[in-house]
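One-letter residues, chain by chain:
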Amino acid sequence: AVPAVPAVLKKRLVKLVVNFLFYFRTDEAEPIGALLLEHCKVTKEEENVFSISFIEEPERKYCFECATEEQCQEWVEALRRASYEFLRRSLIFYRNEIQKMTGKDPLEQYGISEEARFQLGPHR
């Protein structure tokens, strides 16, 4: 077995847009890549370090080092809330809470079809 080559630390700017984490070189305006934050796990590794790994490809792991512990925690929380599945579960939860309180489906007033509302039902 060949020992793993130690990872090289590179300075990147990162920007979270919905469920994509774009990364940029510090001197360029266009992103050099993006991670789709679905089926992934965000883990706090060390004081200022977190990682993103993918369930389908556990060997594919990206580590990020932040300037401070607080910044690291903020990123971890934001990234954990960024996936479509998290947003979908939140929508289902709040929709059910509003329905309990008001007796009405809050999506009805926006003309969202029965079929679309049915798709928002919890997984069986």
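By the naming in an unreviewed UniProt entry, the protein goes by Pleckstrin homology domain-containing family J member 1 and is assigned to Cisticola juncidis.

Let's shift gears to the packing of aromatic side chains. What the rule picks out here adds up to four aromatic pairs. A centroid spacing of 5.1 Å and a plane angle of 15° characterise the contact between Phe50 and Phe64, whose relative ring orientation is stacked. Highlighted residues: Phe50 in strand β5 (residues 49-54) and Phe64 in strand β6 (residues 61-65), separated in sequence by 14 residues. Phe50 gets classed as buried once you look at its relative accessible area, which sits at 2%. On the basis of relative accessibility, which here comes to 16%, the residue Phe64 falls in the buried class. Of note, Arg60 hangs over the ring of Phe54, and the distance from its end group to the ring centre comes to 4.3 Å.

The pairing of strand β4 (residues 40-44) with β5 spans five bridges and is antiparallel. From the neighbouring strand, Lys41 faces β5, where its bridge partner is Ser53. Linking two consecutive strands that pair antiparallel, namely β4 and β5, is a turn of four residues.

With respect to the element layout, Arg12 can be found in the segment before β1 (13-17). Overall, Arg12 belongs to the partly exposed group, its relative accessible area being 30%. Once the C-alpha coordinates of Arg12 and Phe24 are considered, the two residues, 12 residues apart in sequence, prove to be 5.5 Å apart. Not counting residues up to four positions away in its chain, the partners in contact with Arg12 are Phe24, Arg25 and Ile32.

What counts and what doesn't
Residues numbered from 1 in each chain as written. Predicted model: local features only at pLDDT ≥ 70, side-chain atom pairs only at ≥ 80, totals over all residues. Heavy atoms only, no water. Phe/Tyr/Trp six-rings, centres within 6.5 Å; stacked < 30°, edge-to-face > 60°. Helix = DSSP H or I, 4+ residues; strand = E, 2+ residues; numbered from the N terminus. Buried < 20%, exposed > 50% of the residue type's maximum accessible area, 1.4 Å probe, protein only. Lys NZ or Arg CZ within 6 Å of the ring centre and 35° of its normal. Pairing = 2+ DSSP bridges. Contact = heavy atoms within 4.5 Å.

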